[in-house]
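If you want the building blocks of each chain, they are given just below.
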Amino acid sequence: MCIDVERLGSSIRKTEQKIKELEHRAKKTKGWAAWKRRFGSKASMGSRLQLGVVLFEEMGFEPVKNKDGKIQVDEKQLERIDSDLARLFVNIEKLKKLKTTYLEGISREVVDGLLHPFFNLHLVETYRSSSDSPNFQNIPIRDAKMGKIIRSCFVPRPGHALVEIDYGALEFRVCACFWRDDSMVAYASDPSLDIHRDMAAELYCVPRDGVTKEMRFYAKNSFVFATLYGSYYKSTSRSLWQAMESSSMVDADGRSVKKILSRKSIDKHNYPDHVQRVEEKLQARFPQWTKRKEEWWSKYLRTGRFRMLTGFELEGVYSRNNLMNTPIQGPAFHILLWSLIRMVKWCAKRRTKIVGQIHDSIVADVHLSELDEYLAVAKQVMTKDVRDHWSWIVTPLEIEAEVAHDNWFNKKVIEV
DNA sequence: CACTGGAGCCAC
DNA sequence: AAACGTGGCTCCAGTG
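To keep things clear, this report deals only with the structure shown in the data block. The structure displayed is predicted, hence computed values, not measured ones.

How each quantity is defined
- Residues numbered from 1 in each chain as written.
- Chains lettered and ligands numbered in written order.
- Predicted model: local features only at pLDDT ≥ 70, side-chain atom pairs only at ≥ 80, totals over all residues.
- Heavy atoms only, no water.
- Pairing = 2+ DSSP bridges.
- Helix = DSSP H or I, 4+ residues; strand = E, 2+ residues; numbered from the N terminus.
- Axes fitted to C-alpha atoms, helices over the stretch in contact; angles between N-to-C directions.
- Contact = heavy atoms within 4.5 Å.
- Near = heavy atom within 4 Å.
- Polar contact = N/O pair within 3.5 Å; in protein donor to acceptor, adjacent residues only side chain to side chain.
- Nonpolar A, V, L, I, M, F, W, Y, C, P; charged D, E, K, R; others polar.
- Expected span 1.5 Å × (residues − 1).
- Buried < 20%, exposed > 50% of the residue type's maximum accessible area, 1.4 Å probe, protein only.
- Arc of directions from axis to C-beta.

Overview of the sheet that holds strand β7 (residues 160-167)
Whether parallel or antiparallel, the strands of a sheet pair through hydrogen bonds between backbone atoms. Taken in spatial order, the five strands make up an open sheet running β10-β11-β7-β12-β13, and their pairing is antiparallel. Of all the strands in the sheet, the pair left with one neighbour each is β10 (353-357) and β13 (412-414). Taking the axes of each pair of neighbouring strands and ignoring which way they run, one obtains an average angle of 30 degrees across the sheet. Running over the sheet, helix α16 (residues 371-389) touches β7, β10, β11 (361-367), β12 (399-404) and β13 and is turned about 15 degrees from β7.

Some points on the protein's contact with DNA strand C
In the vicinity of DNA strand C, 30 residues are found, and the nearest of them are Ser47, Glu125, Ser133, Ser235 and Arg320. Across the atoms of DNA strand C situated within 4 Å of the protein, the share located in sugar and phosphate is 66%. Between DNA strand C and the protein, one listed contact pairs a phosphate oxygen with a backbone N or O atom of Ser133 at 2.8 Å. Asn322 places a polar side-chain atom, nitrogen or oxygen, 3.0 Å from a phosphate oxygen of DNA strand C. Elements that contribute at least two residues to the surface near DNA strand C include exactly α5 (84-109), β5 (130-132), α10 (213-228) and α15 (320-347). For the surface near DNA strand C, the leading source of residues is α15, giving five residues. Residue composition of the surface near DNA strand C, by class: six nonpolar, 17 polar and seven charged.

Some thoughts on helix α1 (residues 5-26)
Each α-helix winds once per 3.6 residues, and so residues spaced three or four apart point in a common direction. The end-to-end C-alpha separation of α1 is 32 Å, in line with the 32 Å expected for 22 residues at 1.5 Å each. By the burial criterion, the buried members of α1 are Leu8, Ser11, Ile12, Thr15, Ile19, Leu22 and Ala26. Along the axis of α1, the buried residues cluster in a sector spanning 105 degrees; they form a single face. In α1, those exposed residues whose orientation departs by more than 90 degrees from the buried face are Glu6, Arg13, Lys14, Lys20 and Arg25. Buried residues along α1 sit in contact with β1 (2-3), α2 (30-39), α5 and α6 (144-151).

In structure tokens, the structure reads:
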């Protein structure tokens, strides 16, 4: 893929400058004076361990320990501490990550303006793919500021556009196909149904139309997927409560979710009991999943092996959670891979090239004269042909396409 | 100096 | 029975 090398270079210089400024400011804080007192010539601003000692032993802040009893000095804990030094440390570390892993990591691998990441098919336990040198599959996007700085350096060739097509809810659809749970298949097939919205309503005690994007986000990632892949209420309730509290979550009408729960006599203490009841509702809603996952596990215990929907036979030592996740994560990727291979073949006699892949999405550098045809063929291959190839895909498949004429950050949704 | 594990953080 | 999953990369801190 093409890289805007000049822009990359200037972003590196700007980020370096910003880091220097923040480090200069950090050295003027009271905390840094305490740091120097404690560590003398060994004081190093890059050391989390030292920062933890300064904050929790010298400055008297209350430490928080993780499950293994270790004091955490991560972003989450540092943000709750009222100290200029802690705030500056978080910002400096973010910028360092941006500079070293992404900007410089990419720059190092560019040859004649082109980047050639590796895409491995032989490394991942679940038979997904991985990527390295650089890893094309973890370029920032959720933090829009970081995403802009890095993704704007990825550009199409002249006369081309970058086109990214991703599957909608691919893993949940494969989950439904694998467990063949009628209700799960219905959820994965009917666009008016939304399991994450429904569970958010239960978890936060609001009507379904009171569910916000934020509530849905946490219900999806901290509860529904976590539970499908083997977590349970004692774990999920903790992260749900934490997210709700630290974001001061409100419902669609701006009312405090914590207050809504407390009116139902739900507090931090008994929230796990509430989540346990919601978990039971999830099991009741997907009864075949509930039954078949136990049969799936006990069959593995008897035989020591299991088979994926895509035909791979796996044997050896797997945890219970591996048994829940592997048969879904692997075949979900194989749907993408099958489609990608078809699209690469389609590109053979054309100017368009497939340049990358991110588990459920395909990135291509498409010649403008081939754009309409590319989108139409991709839709046919990704939503129809692959379903004809594998009869176990019993749900519809959907795609979303985005096109970028200038750079990858500025991709815009396009109807297909 | 080479190497390694832990902690942390980025993606899906 | 056991407690979401899969990766890659960087820095620190420790070892020999």
